[in-house]
Amino acid sequence: DKRKPNLNPGKVGSMQYTLSQELPLWGKRDLKARAAQASADAADRTVTATRAQLRAEIRQAYAQWYRTLQGLRINEEQASLLKQMEASASQRYALGKAPQSEALRLQMELSMLANEALVLQNDVRQAMAALASWLDVEPASLTGQPRQLPAPVTDTDPARWIEEAQNRNPELAAARKDIEAASAKLDLAKLNSLPGLNVGVSANQMGNRIGSYGLMLEFSIPLQQGAKNAEK
């Protein structure tokens, strides 16, 4: 009834129910699965690369903290020695056994060491802040001090290092997976220029009764070859 539209299947002239499904021909489904799997593997390798980079940044920040602390320790030892030398030079100058210039020179060197100590103390705080930022903690939570660095690698064969880097580097592995995914997508784009097939079944209801059934075979022909070629 045009005056009173109704979608109740029992109160309309006829109702058609259709269920259709696209059938992936020419191996399109396998290519989609291959491209998706390669993209997932690339993402996993990217996570591995990010973790490796994070570990490297943490180790570098730790080494910088250790280096600045060692520099500060050497500075303090030098300052302690120069203070003893300055006291001895001042005493000998007071007794007339040494020129005043020697004591003045030692005092100037002590002043330079004090300035250097201020710089090193600032470097220590910066190294701690960098390490804390990579660890996502407050700098005050870094208790204690680094006592030593990890033992150096004894294997000094650079050729083996290059080979391991090429085989195990997560960034290279991610790039290889990206290439694999792009290759699968390219093959899929080539197959998209071929016809596709849809199948469907339908039921026609008249009043309250299903009066007929239907089977549909539909071929989709890609006439816009320019758009399909652009996908390649």
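Going by the structure above, here's the rest.
Computed from a predicted structure; not experimentally measured.

S.K.: Explain the layout of surface pockets here, please?
M.R.: Over the atoms, a rolling probe the size of a water molecule traces out where space has been left empty. Estimates place the volume of the largest pocket at around 240 Å³. Around the largest pocket, the lining residues are Thr 48, Ala 49, Ala 52, Gln 53, Arg 55, Ala 56, Arg 168, Asn 169, Pro 170 and Glu 171. Elements with a minimum of two residues in the lining of the largest pocket: α1 (28-94) and α4 (170-191). Take the lining of the largest pocket: its biggest share by element is six residues, from α1. Looking at the lining of the largest pocket, its residues break down into four nonpolar, three polar and three charged.

S.K.: It is not clear to me how α4 should be interpreted in this structure. Could you clarify?
M.R.: For an α-helix, 3.6 residues make a turn, and residues three or four places apart therefore share a direction. An ideal rise of 1.5 Å per residue puts 32 Å on 22 residues; α4 measures up with 32 Å between its terminal C-alpha atoms. For α4, the full list of buried residues reads Pro 170, Ala 173, Ala 174, Lys 177, Ala 181, Ala 184, Leu 188, Ala 189 and Leu 191. All buried residues of α4 project into a common sector of 155° when viewed along the axis, lining one side. Exposed residues on α4 whose side chains face more than 90 degrees from its buried face are Glu 171 and Ile 179.

S.K.: What exactly am I supposed to notice about a nonpolar patch on the surface here?
M.R.: Taken together, the side chains of Tyr 17, Ile 210 and Tyr 213 make up a nonpolar region of the molecular surface, amounting to roughly 340 Å² of accessible area. Here Tyr 213 is to be found in strand β3 (residues 209-220).

S.K.: What should I look at first to understand the pattern of salt bridges in this one?
M.R.: Side chains that carry opposite charge are capable of pairing whenever their charged atoms lie near each other. According to the stated counting rule, one finds five salt bridges in the structure shown. Across the pair Lys 177 and Asp 41 runs a salt bridge, and its minimum N-O distance is 3.6 Å. Here Lys 177 is found in helix α4, whereas its partner Asp 41 is found in helix α1, with 136 residues between them in sequence. For Lys 177, a relative accessible area of 19% translates into the label buried. Across the pair Glu 109 and Arg 105 runs a salt bridge, and its minimum N-O distance is 3.1 Å. Here Arg 105 and Glu 109 lie together in helix α2 (residues 100-135), a separation of four residues that amounts to about one turn. By relative accessible area, which is 26% here, Glu 109 ends up partly exposed. The partly exposed category is assigned to Arg 105, whose relative accessible area is 40%. Look at the salt bridges and you will find they share partners, linking Asp 41, Lys 177 and Glu 180 into a network.

S.K.: What is the right way to read the sheet that holds strand β1 (residues 15-23) from this model?
M.R.: Strand pairing in a sheet relies on backbone hydrogen bonds. The paired strands run either parallel or antiparallel. If you trace the three strands from one edge of the open sheet to the other, you get β1-β2-β3, paired in antiparallel fashion. The sheet is open, and its two edges are formed by β1 and β3, each paired on a single side. Adjacent strand axes in the sheet meet at a mean angle of 15° when their direction is disregarded. Bridge count between strand β2 (residues 196-206) and β3: 11 bridges; the pairing is antiparallel. When the bridges of β3 are listed, Asn 204 appears paired with Ser 212.

S.K.: I tried to follow the environment of Ala 151 on my own but got confused; where do I start?
M.R.: Mapped onto the fold, Ala 151 is located in the loop between α2 and α3 (158-168). Given a relative accessible area of 70%, Ala 151 falls into the exposed group. Here the alpha-carbon distance between Ala 151 and Leu 106, two residues 45 residues apart in the chain, equals 38 Å.

S.K.: I'm lost on the nonpolar core in this one. Help?
M.R.: Nonpolar side chains in soluble globular proteins tend to end up buried together. Ranked by size, the top nonpolar core spans nine residues in total: Ala 61, Trp 65, Leu 69, Val 124, Ala 127, Met 128, Leu 131, Ala 132 and Leu 142. When residues of this core are traced back to their parent elements, those giving at least two are α1 and α2. Top element by residues in this core is α2. It accounts for five residues. Residue contacts for Leu 142: discarding those within four places in its chain leaves Trp 65, Met 128, Leu 131, Ala 132, Leu 135 and Val 137. Grouped together as the second largest cluster of nonpolar side chains are seven residues, Ala 79, Ala 103, Leu 110 and Leu 113 included.

Criteria and thresholds
- Residues numbered from 1 in each chain as written.
- Predicted model: local features only at pLDDT ≥ 70, side-chain atom pairs only at ≥ 80, totals over all residues.
- Heavy atoms only, no water.
- 1 Å grid on protein atoms, 1.4 Å probe; cavity = no way out; pocket = protein on both sides within 12 Å on 5 of 7 lines; lining within 4 Å.
- Points joined across faces, edges and corners; volume = space filled by probe spheres on them.
- Helix = DSSP H or I, 4+ residues; strand = E, 2+ residues; numbered from the N terminus.
- Nonpolar A, V, L, I, M, F, W, Y, C, P; charged D, E, K, R; others polar.
- Expected span 1.5 Å × (residues − 1).
- Buried < 20%, exposed > 50% of the residue type's maximum accessible area, 1.4 Å probe, protein only.
- Arc of directions from axis to C-beta.
- Patch = residues over 30% accessible without salt bridge, like charges linked within 9 Å, V, L, I, M, F, W, Y side chains within 5 Å.
- Areas by Shrake-Rupley, 256 points an atom, 1.4 Å probe, with all protein chains shown as cover.
- Salt bridge = Lys/Arg side-chain N within 4 Å of Asp/Glu carboxyl O.
- Pairing = 2+ DSSP bridges.
- Axes fitted to C-alpha atoms, helices over the stretch in contact; angles between N-to-C directions.
- Core = buried A, V, L, I, M, F, W, Y, C linked by side-chain atoms within 4.5 Å.
- Contact = heavy atoms within 4.5 Å.

On their own, these measurements won't tell you what the molecule is for.
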